[in-house]
Amino acid sequence: MSRSTGQEKGFWPLRDLPVVLWLIAAVLVSLVHPVLPAPRWLLIHLVLLGAISHAILVWSQHFADALLHTAPDPRDRRVRSRRLILLNGGALLVMVGVSSAAWPLTVTGASAVVGAVGWHGIALARQLRRSLPGRFRSAVRYYLAAAAFLPVGAALGTLLARGLADPWHDRATLAHATVNVLGWMGLTIVGTLVTLWPTMLHARIPDDAERTARRALPVLVAALAVAVGGALTGPPAVVAAGLAGYVGGLVMVAKALVTSARARPPSSYPTWSVAAGLAWLVGCLAAATVLVGTADTWPDAGERFRWLTPFLAAGFGSQVLLGALSHLVPVALGGGAGPVRAAIAAFDRGGALRIAVVNAGLLVCVLPVPSVVRVLASMLVLAGLAAFLPLLFVAIRASRRAKRGATMPVPAGRPAGQVTGLAATGIAAVVVAVAAGVAIDPGALADVRAMAAPSTEVVATGRTSTVRVEAQDMRFTPEVVEVPAGDQLLIELVNTDDTVHDLVLSSGPESGRLAPGETATIDAGVVGGDLDGWCSVVGHRQMGMTLQVRAVGGTAAESHHETPGQAASAADELDFAAEVDEGFTAHDPVLPPLGDERLHRITLPVSEAEREVAPGVTQRLWTFGGTAPGPVLHGRVGDVFEVTLVNDGTIGHSIDFHAGALAPDEPMRTIPPGESLVYRFTATRAGVWMYHCSTMPMSAHIANGMFGAVVIEPPDLPPVDRSYLLVQSELYLGPQGGTVDTDKLAEERPDAVTFNGYANQYDARPLEAAVGERVRIWVLDAGPNRATSFHVVGGQFDTVYAEGNYLLRPGAEGSQALALMPAQGGFVELSFPEAGRYPFVSHVMVDAERGAHGIVEVSAP
């Protein structure tokens, strides 16, 4: 496998550096992903399209040279360098093009990638045709089949970047992923491992390995054709059949791989990593077969497959890549047996620890764990994979020292006890991360309190009453539980809803936050009197999610547990005359400029953050993208918006875009903490549209910050000098640093009304204009309860647009106010006749006096 006819030894920048650079970029993206557009897509493609595709071009050529016994032409290095430049340059253009929604750039990049891979495939075919008969020529046929599949995947990816209507988007996404992961990447890896795997194990290649691989190739290709054809033209069940067939082909090849592993079990990082990667491939494909095959609709099938994609990328692709490189790089560095062993030993440092951390961490991420636990586990997985990068430089240094004749201890192998200890340490690190996440996340574990029932004299009967209670649709079922006085009460709480719930008893015990499908047992102790219970998730109790425990033969209830609304309200600190701090930065009211893109990819992470909403007043808001209101989406009629909602909060959330017309069942569903969904819609009508969380109680989610605006410009909208966006909303202040007061909300008693989330902020940081400039002000009333009548003191509107219609156009008479009900929007246009400070308000004057007020500061021209 390392003949002189194969890979050139020593350092070759175009061969050796790109994989490292792609992996470094992937690590950086994973660290700064909250601020990037479509970070998940970018991270997966940095690894699969960038690092792995480069490695495939390099090492499939290496194995073709070695297996076909064809000596490279002296000009080959120059030609292969050009192919690598074309591939990597194209991959870079694709990532820049998709991230910036520049479709021509994406097409150019995809064409370059297809050109490089096609060039590579033609070169391999010519090499195969002129070579002498050999035992493992079938491996090169795997490479040719893989190269034939990639253009199909690239074409599908290019169409997806342009934007496809549903259900074609989900169909094409599934076909694109199947072709690229199982065709381009999977076939190459399977064909290579037939010979590479025994070499890594220092085992003999089984006699039937070549015959089995030759027979498995048409099975794998046919299965891929069925899966891709089913994704594009058939029902999800056809895709599942194709995936099952692919698993069958893998099983055929696995027989030889298992035989080699039995003869020489894996004992180093490279072999453990490759073995783990193959296990993730089979596991993910088995899961995909079931999940896709049982999907009722294509959006459902697409969502399920998207959930598996990161595990295929990290579990399968990354581990096979890093394991193979840890074996191949020392060989490529060359220098003889000593330097190669020194480099391999460097790559093997902490191998068992890294394998345990990566795979245990990935398994934790598969489970329905709280979001904080998933984040910590993901960080450990990233650390375990990223350790390859510093070890690469350690290995290069070790190889160079060995070439210079420096003596370096090269262990023949680690004792079994040491390997086990390292693996145990890795698993312990993941367990600690889980424990830390549980400690950080208040919804991760019940706050177990061993508190007695109400202080009532009762003789314990010694009996235990067990009751099953279900939480669903903002109700506990049953709502009333009768227990003989003196019995110990155990409540088995089952969350059968699609959002997070809990149960708190007035005597103290509680369940902790339960994700959908989870169960908890609450020990209420010996019941001597009636008890009250409720769900403590904000707003759920007010919607009727309460439970009564009646002690038959006992006493009436006494509340011994603090209930919502008892803490001092932040409204006590509210002073509308207070000045903001000198370093205060107002929410940017300038409407973001309209770009050229027609497909908008946005990631909206749901987060909980304490924010100042008035001078000296803070609330713990639930936000889209960290701000309230959330990020502005700006586009034209016909634009496609693909929004990935990621729930990094502690309770269930959802999203509803008024700018799109579609069935709400799937895209607007509530997702629990740690999960995500993709909401895709086409903007078919102009206006300023609201988006908001639609999880019940919807009023509480909106009032606590979960709202934003989508501005779709009417056709032929004339340009203006300045364009602003103001979103009016209400504050129902809970405790300082707390969440919305749902009692005030239900009674429609707002403490403040704001533009863009902060009371009177544009008094301190005015909007700007100049005399004679044409100014457009978009206004959205997010509510959830109050109407508005937007007015600029001293100004007159010559253009008024509301809810898709022009109420007034230039050349007609004037208008003094824009009236909007909650969830309605529009814009006004005006010019200012002279310099000065022009207040703008909601002319519902009580609201203007409690925060819905600002200034337009007009300067002389």
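Predicted model only: the values in this text are computed from it and were never measured.

Caption draft 1: Up close: the overall build of the chain. When helices and strands are tallied, the chain shows 19 helices and 27 strands. Its C-alpha radius of gyration of 32 Å places the chain within 12% of the 29 Å reference for a compact globule of 861 residues. With the C-alpha coordinates aligned to their principal axes, the bounding extent of the chain is approximately 90 × 85 × 55 Å. Looking at the chain as a whole, 55% of its 861 residues are labelled buried. If you take every contact in the chain between residues at least 6 apart in sequence, the share linking residues at least 24 apart comes to 76%. Across the chain, 62 positive and 73 negative side-chain charges occur, with their mean positions spaced 24 Å apart.

Caption draft 2: The arrangement of the packing of helix 10 (residues 298-333) against helix 12 (residues 351-366) in detail. Where helix 10 meets helix 12, the closest approach of the two axes is 11 Å, and the angle between their N-to-C directions is 170 degrees. Overall, the two elements helix 10 and helix 12 adopt an arrangement that is roughly antiparallel. Between helix 10 and helix 12, the contacting residues are Trp307, Phe311, Ala314, Gly315 and Gln319 on the first element and Ile355, Val358, Asn359, Leu362, Cys365 and Val366 on the second. For the contact of helix 10 with helix 12, the residue count by class is 8 nonpolar, 3 polar and no charged.

Caption draft 3: Expanded view of empty space enclosed by the protein. Counted by the stated rule, this structure contains 5 cavities of 30 Å³ or more. Roughly 240 Å³ of internal volume is contained in the largest cavity. Forming the walls of the largest cavity are 17 residues, and the residues nearest its centre are Trp59, Ile189, Thr192, Val320 and Ala324. Contributions of two or more residues to the lining of the largest cavity are made by helix 2 (39-68), helix 6 (168-201) and helix 10. Roughly 120 Å³ of internal volume is contained in the second largest cavity. Taken together, 10 residues line the second largest cavity, and the ones lying closest to its centre are Leu57, Val58, Gln61, Arg80 and Leu84.

Caption draft 4: Summary view of a positive patch on the surface. A cluster of basic side chains, namely Arg349, Arg397, Arg400, Lys403 and Arg404, defines a positive patch on the protein surface. Along the chain, Lys403 turns up in helix 14 (residues 388-403).

Caption draft 5: View of the sheet that holds strand 12 (residues 640-647). With respect to topology, 4 strands assemble into an open sheet ordered 10-9-12-14, the strand pairing being mixed. Two strands lie at the open edges of the sheet, namely strand 10 (617-624) and strand 14 (676-682), each paired on one side alone. Within this sheet the neighbouring strands show an average axis-to-axis angle of 25 degrees, counted without direction. In this structure, strand 12 lies alongside strand 14, joined through 7 bridges in antiparallel fashion. Residue pairing across strands places Leu645 opposite Leu677, the latter belonging to strand 14.

Caption draft 6: Structural view of the side chain of Asn359. One can find Asn359 in helix 12. Taking relative accessible area as the criterion, Asn359 reaches 12% and is therefore assigned buried. Within the structure, the side chain of Asn359 is placed 2.8 Å from the backbone oxygen of Ile355, a separation counted as a polar contact. Not counting residues within four places of it along the chain, the set of residues in contact with Asn359 comprises Ala276, Trp280 and Gln319.

Caption draft 7: A look at the sheet that holds strand 26 (residues 836-842). Strand order across the open sheet formed by 5 strands is 19-27-26-21-24, with mixed pairing between neighbours. Where the open sheet ends on each side, the last strands, each with one partner, are strand 19 (765-770) and strand 24 (818-820). Pairs of neighbouring strands in the sheet enclose a mean axial angle of 20 degrees, with direction left out of account. Direction of pairing for strand 21 (residues 788-792) relative to strand 24: antiparallel, over a ladder of 3 bridges.

Caption draft 8: Layout of the nonpolar core. Counting 135 residues, the largest nonpolar core has Tyr142, Leu187 and Tyr246 as the members making the most contacts within it. Excluding residues within four positions of it along the chain, Tyr246 makes contact with Leu182, Gly186, Leu187, Leu220, Ala223, Leu224 and Leu285. With 56 residues, the next largest nonpolar core counts Leu505, Ala520, Ile522 and Met706 among its residues.

Caption draft 9: Structural context of helix 5 (residues 138-162). Counted at 1.5 Å a residue, the expected span for helix 5 with its 25 residues is 36 Å, and the 37 Å between its end C-alpha atoms agrees. In the stretch just after helix 5, Gly163 is the one whose phi turns positive, near 110 degrees.

Caption draft 10: Broad picture of the packing of helix 10 against helix 14. Running from amino to carboxyl end, helix 10 crosses helix 14 at an angle of 20 degrees, the nearest separation of the two axes being 10 Å. Comparing their axes, helix 14 and helix 10 come out roughly parallel. As for how helix 10 packs across helix 14, the hand of that crossing is right-handed. Residue-level contacts link Leu322, Leu325, Ser326, Val329 and Leu333 of helix 10 to Phe388, Leu392, Ala395, Ile396, Ser399 and Lys403 of helix 14. Tallied by class, the residues present in the contact of helix 10 with helix 14 amount to 8 nonpolar, 2 polar and 1 charged.

Caption draft 11: Spatial organisation of the pattern of salt bridges. Scanning the model with the defined rule gives 23 salt bridges in all. Across the pair Glu479 and Arg475 runs a salt bridge, and its minimum N-O distance is 3.5 Å. Arg669 is the partner of Glu666 in a salt bridge, and the nearest nitrogen-oxygen pair spans 3.4 Å. The exposure class of Arg669 is partly exposed, given its relative accessible area of 23%. Sharing partners across several salt bridges, the network here consists of Arg774, Arg776, Asp798 and Glu829.

Caption draft 12: The packing of aromatic side chains, seen in detail. Enumeration over the complete set of coordinates arrives at 20 aromatic pairs. On the numbers, 4.8 Å between centres and 10 degrees between planes, the contact of Tyr801 with Phe827 is stacked. With Tyr801 in strand 22 (residues 799-802) and Phe827 in strand 25 (residues 825-831), this residue pair connects regions lying 26 residues apart in the sequence. What makes Tyr801 buried here is its relative accessible area of 3%. Among the aromatic side chains, those forming a connected cluster through ring pairs are Phe624, Phe641, Phe657, Tyr679, Phe681 and Tyr691.

Calculation rules
- Residues numbered from 1 in each chain as written.
- Predicted model: local features only at pLDDT ≥ 70, side-chain atom pairs only at ≥ 80, totals over all residues.
- Heavy atoms only, no water.
- Helix = DSSP H or I, 4+ residues; strand = E, 2+ residues; numbered from the N terminus.
- Rg over C-alpha atoms; globule rule 2.2 N^0.38 Å.
- Buried < 20%, exposed > 50% of the residue type's maximum accessible area, 1.4 Å probe, protein only.
- Contact = heavy atoms within 4.5 Å.
- Lys, Arg positive; Asp, Glu negative; His and termini not counted.
- Charge placed at Lys NZ, Arg CZ, Asp CG, Glu CD.
- Axes fitted to C-alpha atoms, helices over the stretch in contact; angles between N-to-C directions.
- Parallel < 35°, antiparallel > 145°, perpendicular 65-115°, else oblique.
- Nonpolar A, V, L, I, M, F, W, Y, C, P; charged D, E, K, R; others polar.
- 1 Å grid on protein atoms, 1.4 Å probe; cavity = no way out; pocket = protein on both sides within 12 Å on 5 of 7 lines; lining within 4 Å.
- Points joined across faces, edges and corners; volume = space filled by probe spheres on them.
- Patch = residues over 30% accessible without salt bridge, like charges linked within 9 Å, V, L, I, M, F, W, Y side chains within 5 Å.
- Areas by Shrake-Rupley, 256 points an atom, 1.4 Å probe, with all protein chains shown as cover.
- Salt bridge = Lys/Arg side-chain N within 4 Å of Asp/Glu carboxyl O.
- Pairing = 2+ DSSP bridges.
- Polar contact = N/O pair within 3.5 Å; in protein donor to acceptor, adjacent residues only side chain to side chain.
- Core = buried A, V, L, I, M, F, W, Y, C linked by side-chain atoms within 4.5 Å.
- Expected span 1.5 Å × (residues − 1).
- Left-handed = near helix turned anticlockwise from the far one by under 90°.
- Phe/Tyr/Trp six-rings, centres within 6.5 Å; stacked < 30°, edge-to-face > 60°.

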